[in-house]
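Report on the structure
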Amino acid sequence: MSQTALNTSSALQPQASHAELANAIRALAMDAVEKAKSGHPGMPMGMADVATVLFTQFLKFDPEHPKWPDRDRFILSAGHGSMLLYALLYLTGYDDITIGELKNFRQLGAKTAGHPEYGHAAGIETTTGPLGQGIANAVGMALAERMQASRFGEDLVNHYTYVIAGDGCLMEGISQEAISLAGHLKLGKLIVLWDDNNISIDGKLSLSSSEDQIARFKACGWDVQAIDGHDPKAIADAIRTAQSTATPSMIACKTTIAFGAPTKAGSEKSHGSPLGAEEIAGARKTLNWPYAPFEIPEHILAGWREYGARHALEFASWTDRLNNANDVSRETFERLMEKALPENWNAPLDALKKKWAETAPKMATRKASGEVLNVLAPAIPEMIGGSADLTGSVNTKTDALLPVTPKDFSGRYIYWGIREHGMAAAMNGMALHGDLIPYAGTFLVFTDYCKPAIRLSALMEQRVIYVMTHDSIGLGEDGPTHQPVEHLAMLRAIPNLNVFRPADAIETAECWALAVASQKTPSVLSLTRQDLPTLRREHTEQNLSAFGGYVLSESEGEAQVTLLATGSEVHLAIEAQKVLKQKGIAARVSSLPCWRLLDQQPKKYREKVLGKGTARVAVEAAVAFGWERYIGRTGAFVGMKGFGASAPAEALYEHFGITVDAIVKAAETKL
C-alpha cells in the first residue's frame, strides 16, 4: 500500500488504539495455532504489548526494503512463539507474509514454519527455535554493527539489535556465554526484552529454576530494568532508557502468558498447545475482539501498515548518504552487501602455493593455516578472526589483526574467551549481519560444544569458518579427552557443511580458498598439531581440493589397489604405495580432503578417484563410520576402533595400528 493510500485510509478510519493493535497479534496467534492444531499461542499473546510498542515506536525498518543494511535487527530468540513474528510481518506490510501464509502456519511449503527460518521470508533475521541461539546470534549482530560503524561511520551504520527472549533462552548455558561477552564488550546498542512470565512447558518456573536474572545480568555488566510488560508507557520509557545506555540492556517484562485467555492465561496449558475453540471464544470476549478468525478490521490493519511505512523517508535519506559517500567507502560497502570478495584476492594465495611446491616445507597444517591467513587477511579485509582462548595453538591471529576491545571496534580479532558455543553462535550473527566473514578456532574435539551453532550455520547457509585443530590422536599427550575420534563422522553427517581435512600445506591453502569463496556453505578446517611433509611438488593454479578428492599419486601400470586417505594419514598411504610397489603390487593413492565436494562430482570422476574395480583401503585416524560409502563391504579400513590414549603421537600411531605396515597388510589381504 502506498503512503498516499495509507494517509487517505487513516483519515477515513478511526485511529487504532494500542489495545487494538496488540490484540490483532493475539488474535492472529490464536487463530493460526488453532487452525494448524499445533503451535505455541501463549508467548505471542503475552508479549503482544511489548512487541506493539517496539514495532510502532522504536524499531527502524522498511517492509519495502527489507534488506536495508542499516535497519534495526529484531531477533525472536524464543522462536517457539513464531506467530508473534509472523503476525508482525503481516500487519506491518511485508509482502512475503500474507494472510494466506498465516492460515497455512506450520504446513508443508509454508513460509510460516513452526519456528522462524532464515531465508523463508523477509523480516526473519535468523533461524531460532533451539533456545539460546537467538540471543547469542544477536550478540554477533550487535558486535558486527559496532565494528562496521567504526569502519564506515555512523552515517551509514547506526542501528540497534532487539531481542525477545524467554525463560528457556536464559536457562540454556549458551545464554551465559553470550551475556558475559556482550557485557564485557559493552555492546550498548543491544537490548534484550525478557518475557518474564514464570512459565515453562512443565509448569511454574519454580519447578526448575530460582535464579535472580536481574542480578545475573547486572553482574555481567548490563543495564537492567523491570517493568509491567502490559503497560505501554512503561514499555516505551524502558526502551527509551535502554537506548541511552553505554552498556547492553535487559528489560524484564513481567507478563501473563496467553494474556486474555479466560482459563489458560498464566498457565503452562497455553504454552505449547492450541487453546481450543471454547477458550478462544472466551478470549475474544475478554479482549473485546468480536471478529471472525483471521479477520483484521480495516482501521487496525491500516494503522499497522502506517507504522510499517513510517521509516520510508529515513531509508531514502540513508540511500542518499550512501550515494554521496566517497567512492572507496561506497564501493566497498556495496561489495560487502553483495558478499563478493575483492578482486584478485587469491593471487597472494596462489603465490604461497607455488612457494611451498618449490620449498616443500614440513609443517603442521595448523601452522600452514596461520601462514595462509598471513596472506588472506590483508587481501580480504572483511575476514574477522578469533579463537576460544587458544590463539597460540590454533594460529588464527596474524600480526595485522588488531584486537576488538570495548573501547575500539576497529580491530579484526576477537578474543572470545572460553566460550566455544557462544563464539560459534555469535559468528552466525556476524555473518547474518551481511557484511563480514567470521572465522575462529579451537580444538576439533570441542566441536562438541559448538555443534548446535555449526548445524545452524549449515541450515541458514552462512559463510562461517571453523578452524578446528589438534584433529586426531596426533595431538599426543593430552589424551583421549582431547583426541577426537568420532567428530569427523559427526560433522560430515551435517548437510551443507564442508568438512576439510587437508593433507599438507598446499591442500590447506586450497581448502582456505574454498572456505572463503563459499557464500552459502559454512566450513570446518580439520588441522593437525603434528608436522606433515609437503606431498605435492608440482605447482598448479588449479585448486585440486575443489574436487573433494583427487588422485595424488598414480600407480605404475594398472592399479590393483587404491589407497584412500585424508589429512595426516595421506603421507602414510604414499609410503605404503612405495612398499607395495617393491612387492610388485600397483597401488594408487587418492587424497579426499572434502567428502561433500567429492560426492558432487560426476560419476566417472568419482569412480576414477575411488578406484572402481580395484581393492580399496581407507586410512584415517578416526573411527570408520561413514567410510563404507567409499570402500563398501569389501574394502579395508585402517584407523581407530575406540578412544585414544595419553602418549607421544608416534607411539599412539604404532599402538593403534595406523602405520605403513598395517596399510600394506590390509592391501595384501584384499587382493
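Before reading on, note that the structure itself is shown above.
Our subject in this report is the structure included herewith. Just so you know, these numbers come straight off a predicted model, no measurement behind them. (Residues numbered from 1 in each chain as written. Predicted model: local features only at pLDDT ≥ 70, side-chain atom pairs only at ≥ 80, totals over all residues. Heavy atoms only, no water.)

**Here we look at the overall build of the protein**
Per the secondary structure count, the protein includes 28 helices and 20 strands. For a compact globule of 671 residues, the expected C-alpha radius of gyration is about 26 Å, and the protein comes in at 28 Å, within 12% of that figure. Summarising its shape, the C-alpha atoms of the protein cover approximately 90 × 55 × 45 Å along the three principal directions. In the protein, buried positions account for 62% of the 671 residues. Residue pairs in contact within the protein that sit at least 24 positions apart in sequence constitute 78% of those at least 6 positions apart. By element, 51% of the accessible surface of the protein is carried by carbon and sulfur atoms, the whole surface being about 25300 Å². Side-chain charges of the protein comprise 65 positive and 75 negative groups, with the mean position of each set lying 4 Å from the other. (Helix = DSSP H or I, 4+ residues; strand = E, 2+ residues; numbered from the N terminus. Rg over C-alpha atoms; globule rule 2.2 N^0.38 Å. Buried < 20%, exposed > 50% of the residue type's maximum accessible area, 1.4 Å probe, protein only. Contact = heavy atoms within 4.5 Å. Areas by Shrake-Rupley, 256 points an atom, 1.4 Å probe, with all protein chains shown as cover. Lys, Arg positive; Asp, Glu negative; His and termini not counted. Charge placed at Lys NZ, Arg CZ, Asp CG, Glu CD.)

**Topic: the environment of Ala 587**
Among the structural elements, Ala 587 can be located in strand E18 (residues 587-591). Spatially, the C-alpha atom of Ala 587 lies 72 Å from that of Thr 241, the residues being 346 residues apart in sequence. When neighbours within four sequence positions are excluded, Ala 587 is seen to be in contact with Ser 553, Glu 554, Ser 555, Val 561, Gln 577 and Leu 580.

**As for the sheet that holds strand E20 (residues 636-640)**
In a beta sheet, neighbouring strands are held together by backbone hydrogen bonds and run either parallel or antiparallel to one another. The sheet built from five strands is open, its strands ordered E16-E18-E17-E19-E20 with mixed pairing. In the strand order of this sheet, the two ends are held by strand E16 (550-553) and E20, each with one partner. On average, each strand axis in the sheet is tilted by 25° relative to the strand beside it, whichever way the strands run. (Pairing = 2+ DSSP bridges. Axes fitted to C-alpha atoms, helices over the stretch in contact; angles between N-to-C directions.)

**Some details on helix H28 (residues 660-670)**
Residue pairs spaced three or four apart in an α-helix point in one direction, given the helix's 3.6 residues per turn. Listed as buried for H28 are Ile 663, Val 664, Ala 666 and Ala 667. The arc enclosing the buried residues of H28, seen along the axis, measures out at 160°, which places them on a common side. More than 90 degrees from the buried face of H28, the exposed residues found are Asp 661, Lys 665 and Thr 669. Check the buried side of H28 and you find it contacts strand E17 (561-565), helix H23 (570-582), strand E19 (615-623) and E20. (Arc of directions from axis to C-beta.)

**Quick look at the pattern of salt bridges**
Taken as a whole and judged by the stated rule, the model has 27 salt bridges. The salt bridge partner of Arg 284 is Asp 31, with a shortest N-O separation of 2.9 Å. With Arg 284 in helix H12 (residues 277-286) and Asp 31 in helix H2 (residues 18-36), this residue pair connects regions lying 253 residues apart in the sequence. In this pair, the class of Arg 284 matches that of Asp 31, namely buried. The partner of Arg 335 in a salt bridge is Glu 382, and the shortest N-O contact between them spans 2.7 Å. Taken together, the residues Arg 335 in helix H15 (residues 327-337) and Glu 382 in the loop between helix H17 (365-379) and strand E9 (383-387) connect sequence positions 47 residues apart. Pair check on accessibility: Arg 335 and Glu 382 agree, each one buried. Within this structure, Asp 471, Arg 492, Arg 501, Glu 569 and Glu 620 form a network of salt bridges that share partners. (Salt bridge = Lys/Arg side-chain N within 4 Å of Asp/Glu carboxyl O.)

**Quick look at the environment of Lys 189**
With respect to the secondary-structure elements, Lys 189 resides in the loop between helix H9 (173-185) and strand E3 (190-196). When the C-alpha atoms of Lys 189 and Gln 243 are compared, they prove to be 6.7 Å apart, with 54 residues separating the residues in sequence. If we ignore the near neighbours within four places in the chain, the residues touching Lys 189 are Glu 145, Arg 146, Asn 158, His 159, Tyr 160 and Thr 161.

**Looking at the nonpolar core**
One broad rule of soluble globular proteins: the nonpolar side chains tend to lie buried together. Residues Met 83, Leu 143, Trp 222 and Trp 416 are the most contacted members of the largest nonpolar core, which totals 132 residues. In this view, Leu 143 contacts Leu 185, Leu 187, Val 404, Phe 409, Ile 414, Trp 416 and Met 430; residues no more than four positions away in its chain are not counted. Core analysis: the next-biggest nonpolar cluster, separate from the first, contains 35 residues, Val 372, Ala 379, Ile 380 and Leu 514 among them. (Core = buried A, V, L, I, M, F, W, Y, C linked by side-chain atoms within 4.5 Å.)

**Observations regarding the packing of aromatic side chains**
One pass over the full model with this rule turns up 20 aromatic pairs. Seen from their ring centres, Trp 68 and Phe 315 are 5.4 Å apart, and the 85° between their planes marks the pair as edge-to-face. Here the residue Trp 68 occupies a position in the loop between helix H4 (48-58) and strand E1 (73-76), and Phe 315 occupies one in helix H14 (residues 312-323), the gap between them amounting to 247 residues. Accessibility assignment for this pair places Trp 68 and Phe 315 in one class, buried. Between Trp 318 and Phe 333 the ring centres are 6.0 Å apart and the planes differ by 55°, which places this aromatic pair in the tilted class. Linking Trp 318 in helix H14 with Phe 333 in helix H15, this pair joins segments that are 15 residues apart in sequence. When sorted by exposure, Trp 318 lands in the same class as Phe 333, which is buried. An aromatic cluster of at least three residues, connected via ring pairs, comprises Trp 68, Phe 152, Phe 315, Trp 318 and Phe 333. (Phe/Tyr/Trp six-rings, centres within 6.5 Å; stacked < 30°, edge-to-face > 60°.)

**Comments concerning unusual backbone geometry**
Phi at Asp 389 takes a positive value of approximately 65°, unusual for a residue other than glycine. Its location among the elements puts Asp 389 in the loop between E9 and helix H18 (391-394). In this structure, Asn 395 is a non-glycine residue whose phi angle is positive, near 55°.

**Observations regarding the side chain of Ser 526**
Along the chain, Ser 526 turns up in strand E14 (residues 523-526). Classification of Ser 526 as buried rests on a relative accessible area of 0%. Separated by 2.9 Å, the side chains of Ser 526 and Asp 471 make a polar contact. Among all residues touching Ser 526, those that are not within four sequence positions of it are Leu 444, Met 468, Asp 471, Leu 488, Phe 500, Arg 501 and Pro 502. (Polar contact = N/O pair within 3.5 Å; in protein donor to acceptor, adjacent residues only side chain to side chain.)

**Points about the packing of H4 against helix H11 (residues 232-243)**
Across the interface, H4 lies against H11 with an axial gap of 9 Å and an inter-helix angle of 55°. As summarised for this structure, H4 and H11 are arranged oblique, according to the angle between their axes. Judged by the sense of rotation from one axis to the other, the crossing of H4 with H11 is right-handed. Touching Asp 49, Val 50, Val 53, Leu 54, Gln 57 and Phe 58 of H4 are Pro 232, Ile 235, Ala 236, Ile 239, Arg 240 and Gln 243, all from H11. Classifying every residue of the contact of H4 with H11 gives eight nonpolar, two polar and two charged. (Parallel < 35°, antiparallel > 145°, perpendicular 65-115°, else oblique. Left-handed = near helix turned anticlockwise from the far one by under 90°. Nonpolar A, V, L, I, M, F, W, Y, C, P; charged D, E, K, R; others polar.)

**Considerations on the side chain of Arg 366**
Note on placement: Arg 366 falls in helix H17. No salt bridge is formed by the buried Arg 366, whose closest oppositely charged neighbour, Asp 531, lies at an N-O distance of 6.9 Å. Setting aside its immediate chain neighbours within four residues, Arg 366 contacts Ser 393, Val 394, Asn 395, Thr 469, His 470, Leu 527, Thr 528 and Arg 529.

**Focus on the sheet that holds strand E7 (residues 249-254)**
Pairing is parallel in the open sheet, where five strands are placed in the order E1-E2-E3-E7-E6. Sheet topology places E1 and strand E6 (223-228) at the edges, where each strand pairs with a single neighbour. Shown here is a sheet whose adjacent strand axes are inclined to one another by a mean of 15°, direction ignored. Bridge count for E3 against E7 is six bridges, and the pairing is parallel. Its bridge partner lying in E7, Leu 193 is registered against Ile 251. Together, strand E2 (161-165), E3, E6 and E7 form the strand contacts of H11, whose direction differs from that of E6 by roughly 170°.

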